[in-house]
Amino acid sequence: MQTPSSCAPPLISFVVPVYNVPPRWLEACIRSILALPLEASMREIIVVDDGSREPVAPQLESLGAGVCCVRQPNRGLSEARNRGIQLASAAYIQFVDADDCLLPHAYAHCIRALQAMRPDIVCFRLTRSCKPSAPSVPLAVPASLPSGTDYMLHHNLRASACGYLFRKDILGGLRFPSGLLHEDEDFTPRLFLAARTVCDLPIAAYYYRPVPQSITSDTRAPRVARRLDSKQQVLVRLSRLAVTLPAHERAALCRRIAQLSMDLLADMLRLRLPYDEFLRRVELLRQEGFYPLPLKGYTFRYCLFAWLSRWKTLLFMLYRAEKQALFAENAHKL
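Residues numbered from 1 in each chain as written. Predicted model: local features only at pLDDT ≥ 70, side-chain atom pairs only at ≥ 80, totals over all residues. Heavy atoms only, no water.

Student: An account of the sheet that holds strand S4 (residues 92-95) is needed here, citing residue identities and associated values.
Tutor: In space, the 8 strands of this open sheet follow the order S3-S2-S1-S4-S7-S6-S8-S5, with mixed pairing throughout. The two strands at the open ends of the sheet, each matched to only one other strand, are strand S3 (67-72) and strand S5 (101-102). Examined bridge by bridge, S5 and strand S8 (residues 198-207) share 2 bridges and lie antiparallel to one another. Looking at S8, one finds that cysteine 101 is bridged to tyrosine 207. Helix H3 (residues 77-87) contacts strand S1 (12-18), strand S2 (43-50), S3 and S4 of the sheet and is inclined by roughly 145° relative to S2. Set on the sheet, helix H6 (residues 183-193) makes contact with strand S6 (121-127), strand S7 (164-167) and S8; between it and S7 the angle comes to about 50°. (Pairing = 2+ DSSP bridges. Helix = DSSP H or I, 4+ residues; strand = E, 2+ residues; numbered from the N terminus. Contact = heavy atoms within 4.5 Å. Axes fitted to C-alpha atoms, helices over the stretch in contact; angles between N-to-C directions.)

Student: Which residues make up H6, and what values do they have?
Tutor: Of all 11 residues that make up H6, 11 are buried, and the element is covered over most of its length. Residues of H6 that are buried: Glu183, Asp184, Glu185, Asp186, Phe187, Thr188, Pro189, Arg190, Leu191, Phe192 and Leu193. (Buried < 20%, exposed > 50% of the residue type's maximum accessible area, 1.4 Å probe, protein only.)

Student: An account of the environment of aspartate 184 is requested, with residue identities and associated values reported.
Tutor: With respect to the helices, strands and loops of the structure, aspartate 184 is situated in helix H6. Separated by 24 residues in the primary sequence, aspartate 184 and serine 160 place their C-alpha atoms 5.6 Å from one another. Sequence-distant contacts of aspartate 184, defined by excluding residues within four places in its chain, comprise Arg81, Ala159, Ser160, Ala161, Phe176 and Pro189. Only 2.5 Å separates the side chain of aspartate 184 from the side chain of arginine 81, close enough to count as a polar contact. (Polar contact = N/O pair within 3.5 Å; in protein donor to acceptor, adjacent residues only side chain to side chain.)

Student: Could you give an account of the packing of helix H7 (residues 221-242) against helix H8 (residues 247-270), with specific residues and numbers?
Tutor: Taken N-terminus to C-terminus, the directions of H7 and H8 make an angle of 165°; their axes are 10 Å apart at the nearest point. Comparing the axis directions of H7 and H8 gives the class roughly antiparallel. Considering how the two elements wind past one another, H7 and H8 form a crossing that is left-handed. Contacts from Leu228, Lys231, Gln232, Val234, Leu235, Leu238, Ser239, Leu241 and Ala242 of H7 reach H8 at Arg250, Leu253, Cys254, Ile257, Leu260, Ser261, Leu264, Asp267 and Met268. Partitioned by chemical class, the residues of the contact of H7 with H8 number 12 nonpolar, 3 polar and 3 charged. (Parallel < 35°, antiparallel > 145°, perpendicular 65-115°, else oblique. Left-handed = near helix turned anticlockwise from the far one by under 90°. Nonpolar A, V, L, I, M, F, W, Y, C, P; charged D, E, K, R; others polar.)

Student: Now, about a nonpolar patch on the surface: what can you tell me, with residues and values included?
Tutor: Taken together, Leu295, Trp307 and Trp311 make up a surface patch of nonpolar side chains, about 380 Å² in accessible area. Looking at the secondary structure, you find tryptophan 311 in the loop between helix H10 (300-308) and helix H11 (312-333). (Patch = residues over 30% accessible without salt bridge, like charges linked within 9 Å, V, L, I, M, F, W, Y side chains within 5 Å. Areas by Shrake-Rupley, 256 points an atom, 1.4 Å probe, with all protein chains shown as cover. Salt bridge = Lys/Arg side-chain N within 4 Å of Asp/Glu carboxyl O.)

Student: Describe H10, with residues and values.
Tutor: In an α-helix, one full turn covers 3.6 residues, which means residues spaced three or four apart are oriented alike. Taken together, the buried positions of H10 are occupied by Tyr302, Phe305, Ala306 and Leu308. Down the axis of H10, the buried set is contained in an arc of 160°. They therefore lie on one face. With respect to the buried face of H10, the exposed residues turned more than 90 degrees away are Phe300 and Trp307. (Arc of directions from axis to C-beta.)

Student: Break down empty space enclosed by the protein for me, citing the residues and quoting the values.
Tutor: With the rule as written, the count across this model stands at 2 cavities of 30 Å³ or more. Looking at the largest cavity, its volume works out to about 70 Å³. If you trace the largest cavity, you find it lined by Glu185, Lys231, Val234, Leu235, Leu260, Asp263 and Leu264. When contributions to the lining of the largest cavity are tallied by element, the ones reaching two or more residues are H7 and H8. Of the residues contributing to the lining of the largest cavity, the split by class is 4 nonpolar, no polar and 3 charged. In this model, the second largest cavity occupies a volume close to 40 Å³. Contributing to the lining of the second largest cavity are Met152, His155, Asn156, Leu157, Ala252, Arg255, Arg256 and Gln259. Residue classes in the lining of the second largest cavity are distributed as 3 nonpolar, 3 polar and 2 charged. (1 Å grid on protein atoms, 1.4 Å probe; cavity = no way out; pocket = protein on both sides within 12 Å on 5 of 7 lines; lining within 4 Å. Points joined across faces, edges and corners; volume = space filled by probe spheres on them.)

Student: Account for the side chain of lysine 231, naming residues and giving values.
Tutor: Here lysine 231 lies in helix H7. For lysine 231, a relative accessible area of 18% corresponds to the buried category. Apart from residues no more than four positions distant in its own chain, lysine 231 is found in contact with His182, Leu264 and Asp267.

Student: Run through unusual backbone geometry, naming residues and quoting values.
Tutor: Proline 292 follows tyrosine 291 through a cis peptide bond whose omega is 0°. Mapped onto the elements of the fold, proline 292 is located in the loop between helix H9 (275-287) and H10. Positive phi, normally seen in glycine, also occurs at asparagine 20, with a value near 50°. A positive phi angle, close to 50°, is found at arginine 118, a residue other than glycine. Topologically, arginine 118 is positioned in the loop between helix H4 (104-117) and S6. Overall, arginine 118 belongs to the partly exposed group, its relative accessible area being 41%.

Student: Can you break down the nonpolar core residue by residue, with the values?
Tutor: In terms of nonpolar packing, the biggest core is built from 102 residues, with Val16, Val47, Tyr107 and Ile121 touching the most fellow members. Residues within four places of tyrosine 107 in sequence aside, it is in contact with Phe14, Leu36, Gln94, Leu102, Phe124, Leu165 and Ala205. (Core = buried A, V, L, I, M, F, W, Y, C linked by side-chain atoms within 4.5 Å.)

Student: Would you mind going over the environment of serine 32 in detail, with residue names and values included?
Tutor: Looking at where serine 32 falls in the secondary structure, it is placed in helix H1 (residues 23-34). According to the relative accessible area criterion, serine 32 is buried, its value standing at 7%. In the structure, serine 32 is positioned 68 residues away from aspartate 100 in sequence and 9.3 Å away in space, judged by C-alpha atoms. Apart from the residues lying within four places of it in its own chain, the contact partners of serine 32 are Cys101, Leu102 and Pro104.

Below, the structure is given as structure tokens:
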């Protein structure tokens, strides 16, 4: 197995953070990268073992010498990814979570687009199907590519950093915030603001494995509170950045902030918080200037929530509807 310092300069660095992932999932993840139409000299696979109970390096030995593995004390996903950024020597970076996989046939189109146009970011889709269909011929090359700012002005970003193949040199000092859940929500819009060209491919190239016991599916009250607190911290961080930006970039980031505010409000309804806690969090959003939502024609769903946020009675009715649905679910289980 190689060490990171011995890897030749490649085209893409694949950064794979690992923490207590089943060996079969990690192996499937690495094999999906090895199956891509890239010569060994054009790829770099950096596995960052973030303090797993059992070191993962021995699990990777059977996969050949093209995998670099480093181990560090457990510091969380953000620090594991940041370590991968530090070690990456390629022109481009792709994050792959260790319990997920790339879909080689579909991802090949991303590689072709990268080689043909050399954009700062290649966007693609994530899927929960491990065998989605993919175009049998190369996708058409766009005549022109928007900047990251222009893309944000007209599209809703997908939060996961794993949905983007991006040029390393646009990062500058950008890194993932340590100790914050939903760190991708903070990282991704900043990445797009730094991008001069974005190529968006309507193709599912990344298999996102549903994990029942993941952080986002944990409904215990302390974990829910931490998730909601982290999302609000992201909003505050991005809003502080927005006021420092020129008008065009500020408008693009404000659209993202409004979308994240709507998502947080939807989460508060979906999680069926106690009513006092729901009102408390709505008031926190109001105090920070995120509520009511700005009346903008971004998407139909956004428009609906923006109008609901203007009328307390309608919002209360929506809350009551969620609680009644919860009551019906519990009664059905009895």
